[in-house]
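What the coordinates show
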Amino acid sequence: MSLVIYNTLSKKKEEFKSIEPNKVKLYLCGPTVYGLLHIGNFRGPIFFNFARNWLEKSGYEVNFTYNYTDIDDKIIKKANEEGVDSLVISERYIEEFKTDFKRLGLREHTNNPKVTDYVKEIVEYVETIVKNNHAYVVDNEVFFDISSLESYGELSGKKIDELSAGERVEVDNRKRNPGDFVLWKPAKEKEPSWDSPWGKGRPGWHIECSAMIKSILGKTIDIHGGGIDLIFPHHENEIAQGVGCNSCKYVNYWMHNNFINMKGEKMSKSLGNIIPGRVFMDEYHPEVLKFLILSTHYRSILNVSDEKIEQTFSGLLRVYRAIKSADFVLENFENNNEGKPNKKLSSLLADLDNKIEKSINDDFGTGELFAAIYDAVRTFNALNLERKKKDINSYPTAKLFKEWISGYGEMLALFNENPESFLLEVNELFLKQKNIDKNEVLKLLDGRKSAREAKDWEKADQFRDQLHNMGIDFSETGDSVEWFVKV
Ligand SMILES: [Zn+2]
């Protein structure tokens, strides 16, 4: 079965065909490093981490390149405010990004180029565009001439004559067309600069990605990703540069992920609802952020609400409890090699594998994958293996389930935590969030235990009701009690 991808360029789903057999060149626009990234910035890295894993599972070798924009007005502004070199700022926030990235448990990219390491290549790239008559120089500044390219606007659907003054494009009389954009700009005072045929200066915003793509991946790449806010002008201009320099197709498949909204509103500075990824992970858990992002189709808006977070927690708990139960069997039961995995479960998992493959191959439909995981968990739980120590089939059944869920977990970068510690961590989080006194819970559980030992059932029931009223659920097996805060 082949993979079909929605291509922003054609606005259609297209069958994926790689340029080289079994190889994929994937580029994702990375962050401008001058502050902590918010949760919306993590949607791309989390989704494309999964997309890469799926491509690899489908037999492709993937070169995943993700850049750092380490030279930019905002970085320079911050550096001047602090009185340090702009590299001090960019290096600081690259490290901060790496910390968040590691905490999310995402795979390292094949390449993480920094713009300042590619200035020579950028200058050469701009020179070629000028030589090809797609750019012109005014006052040591190089502009791309969008009217020189008939296809300009093909990605965003914008027409050149629409890009007239007033539409957020600054009026600059030196430009041939109002929509012409800067490839190279002269350095101002207190700005880092590099030598170029047009004097000391620095690259415009869009040129870096085109130049790094050519240097690292080649003139034409398979997949270019980014948030939908980058379609115009950034990606439109990247195409113009690519075609202007290399006279060939720039990208075969354009993939754009949608926004994250908070409680129905777009995240914005003025609303004060921008949440740094790190703050979100502290308040909830990295697993919650990944689960939220991956269980929503990448082209849909992800609406984060309290209700959605609660649903996510309850989904995660369901999966982790099942993994814990499988681990219990694998650690405590004997594997005597004669048993066979439960038939109902094994045929269900095979069936689910097919469904998942079909749905992911249809433009990375992850919804079906999560539904399948719940389905598998439900069926596994119903087998009640923890109580079937003597059954020789218990061990191979638990092993099958564990391997199945770990396989998809690895692909999603989810469900890889130690289940015991994850469940404890979430429990502590809920105690805090719901303001429940843990000592009080332990006291009531103790009281119930004593009452049961004394066969004082009425009293034991009272303790039970008190615990339930506090929002605590528990299960008793013999002498041991497991308790948790209800979601
Ligand atoms: Zn870019």
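Conventions and cut-offs
Residues numbered from 1 in each chain as written. Predicted model: local features only at pLDDT ≥ 70, side-chain atom pairs only at ≥ 80, totals over all residues. Helix = DSSP H or I, 4+ residues; strand = E, 2+ residues; numbered from the N terminus. Buried ≥ 20, exposed ≤ 12 C-beta atoms within 10 Å, placed from the backbone. Contact = placed C-beta atoms within 7 Å. Expected span 1.5 Å × (residues − 1). Axes fitted to C-alpha atoms, helices over the stretch in contact; angles between N-to-C directions. Parallel < 35°, antiparallel > 145°, perpendicular 65-115°, else oblique. Left-handed = near helix turned anticlockwise from the far one by under 90°. Nonpolar A, V, L, I, M, F, W, Y, C, P; charged D, E, K, R; others polar. Pairing = 2+ DSSP bridges. Right-handed = clockwise from strand over helix to strand, strands pointing away. Core = buried A, V, L, I, M, F, W, Y, C linked by C-beta atoms within 7 Å. Domains from an automatic or database assignment.

**Structural notes on the overall build of the protein chain**
- Along its length, the protein chain carries 15 helices and 15 strands.
- The principal-axis extent of the C-alpha atoms belonging to the protein chain is close to 95 × 50 × 35 Å.
- A total of 487 residues make up the protein chain; the buried ones form 38% of that total.
- Put simply, of all contacts in the protein chain between residues at least 6 apart along the chain, 73% involve residues at least 24 apart.

**Comments concerning helix α9 (residues 306-332)**
- Taking 1.5 Å per residue, 27 residues should reach 39 Å; α9 reaches 38 Å between its end C-alpha atoms and fits that length.
- Within α9 the residues assigned to the buried category are T312, G315, L316, V319, Y320, A322, I323, S325, A326 and V329.
- Lining the buried residues of α9 we find α8 (286-295), α11 (367-382), α12 (394-412) and α13 (419-433).

**Quick word on the packing of α9 against α12**
- The interhelical angle for the contact between α9 and α12, taken along N-to-C directions, is 140°, at an axis separation of 9 Å. Classed by the angle they form, the pair α9 and α12 counts as oblique. In this structure, α9 meets α12 at a crossing whose hand is left-handed. Each of I323, A326, V329 and L330 in α9 lies in contact with α12, whose residues at this interface are S394, Y395, A398, K399, F401, K402 and I405.
- Residue classes in the contact of α9 with α12 are distributed as eight nonpolar, one polar and two charged.

**So, the pairing of strand β3 (residues 23-28)**
- Most of β3 sits out of view: five of its six residues are buried.
- With six bridges joining them, β3 and strand β4 (residues 61-66) adopt parallel strand pairing. Within β4, the residue paired with L26 across the bridge is F64.
- The parallel pair β3 and β4 is bridged by helix α1 (residues 43-57), and the resulting crossover is right-handed.
- Of the strand pairs in this sheet, β3 and strand β9 (residues 221-227) are connected by three bridges, and their pairing is parallel. Looking at the pairing, L26 lines up with I223 of β9.

**Some details on the nonpolar core**
- Of all hydrophobic cores here, the largest spans 113 residues; its most connected members are V126, L183 and A376.
- Counting only domains with at least three residues in this core, you end up with domain 1 (4-134 + 148-174 + 204-257) and domain 2 (300-420).
- Core analysis: the second largest hydrophobic core is formed by five residues, V441, L444, F463 and I472 among them.

**Details of the environment of I221**
- With respect to the helices and strands, the residue I221 is situated in strand β9.
- Taking the C-alpha atoms as reference points, I221 and N246, separated by 25 residues in sequence, lie 12 Å from one another.
- Leaving out residues up to four positions away in the same chain, I221 has contacts with K25, Y27, I213 and V251.

**Observations regarding the environment of Y34**
- Looking at the element boundaries, Y34 is found in the loop between β3 and α1.
- Judged by local crowding, Y34 falls into the buried class, with 20 C-beta atoms found within 10 Å.
- For Y34 and K77, which are 43 residues apart along the polypeptide, the C-alpha to C-alpha distance reads 9.4 Å.
- Residue contacts for Y34: discarding those within four places in its chain leaves D72, K74, I75, K78, I89 and Y93.

**Describing the environment of S359**
- Here S359 lies in helix α10 (residues 343-361).
- Taking the C-alpha atoms as reference points, S359 and V115, 244 residues apart in sequence, are found 37 Å from one another.
- Not counting chain neighbours up to four residues away, the residues in contact with S359 comprise G365, E368 and L369.

**Let's talk about the sheet that holds strand β8 (residues 201-203)**
- One open sheet accounts for four strands, arranged β5-β6-β7-β8; its pairing is antiparallel. What marks the edges here is a single partner per strand, and that holds for β5 (135-138) and β8. In this sheet, adjacent strand axes meet at a mean angle of 20° when their direction is disregarded.
- Note that strand β6 (residues 141-144) and strand β7 (residues 181-186) share three bridges and pair antiparallel. Bridge pairing links F144 to F181 in β7.

**Quick notes on the domain arrangement of the protein chain**
- Domain assignment breaks the protein chain into domain 1 (4-134 + 148-174 + 204-257), domain 2 (300-420) and domain 3 (434-485).
- Measuring from the centre of the C-alpha atoms in domain 1 to the corresponding centre in domain 3 gives 56 Å.

**Here's the deal with the sheet that holds strand β10 (residues 251-257)**
- Strands sit in the order β4-β3-β9-β10 across an open sheet of four strands; the sheet is parallel. Strands with a single pairing partner mark the edges of an open sheet, and in this sheet they are β4 and β10. Ignoring which end each strand starts from, the neighbouring axes of this sheet average 20° apart.

**Some details on α13**
- Compared with the 21 Å implied by 1.5 Å per residue over 15 residues, the 21 Å span of α13 between its first and last C-alpha is a close match.
- N435 sits one or two residues past α13 and shows a positive phi near 55°.

**Focus on unusual backbone geometry**
- That bond from F232 to P233 is cis: its omega, 0°, falls within 30 degrees of zero.
- Checked against the element boundaries, P233 lands in helix α6 (residues 231-246).
- Of note in the backbone geometry, N140 takes a positive phi value of approximately 60° without being a glycine.
- N140 sits in the partly exposed class, given 15 other C-beta atoms within 10 Å.
- We note that N435 has phi near 55°; this positive angle belongs to a residue other than glycine.

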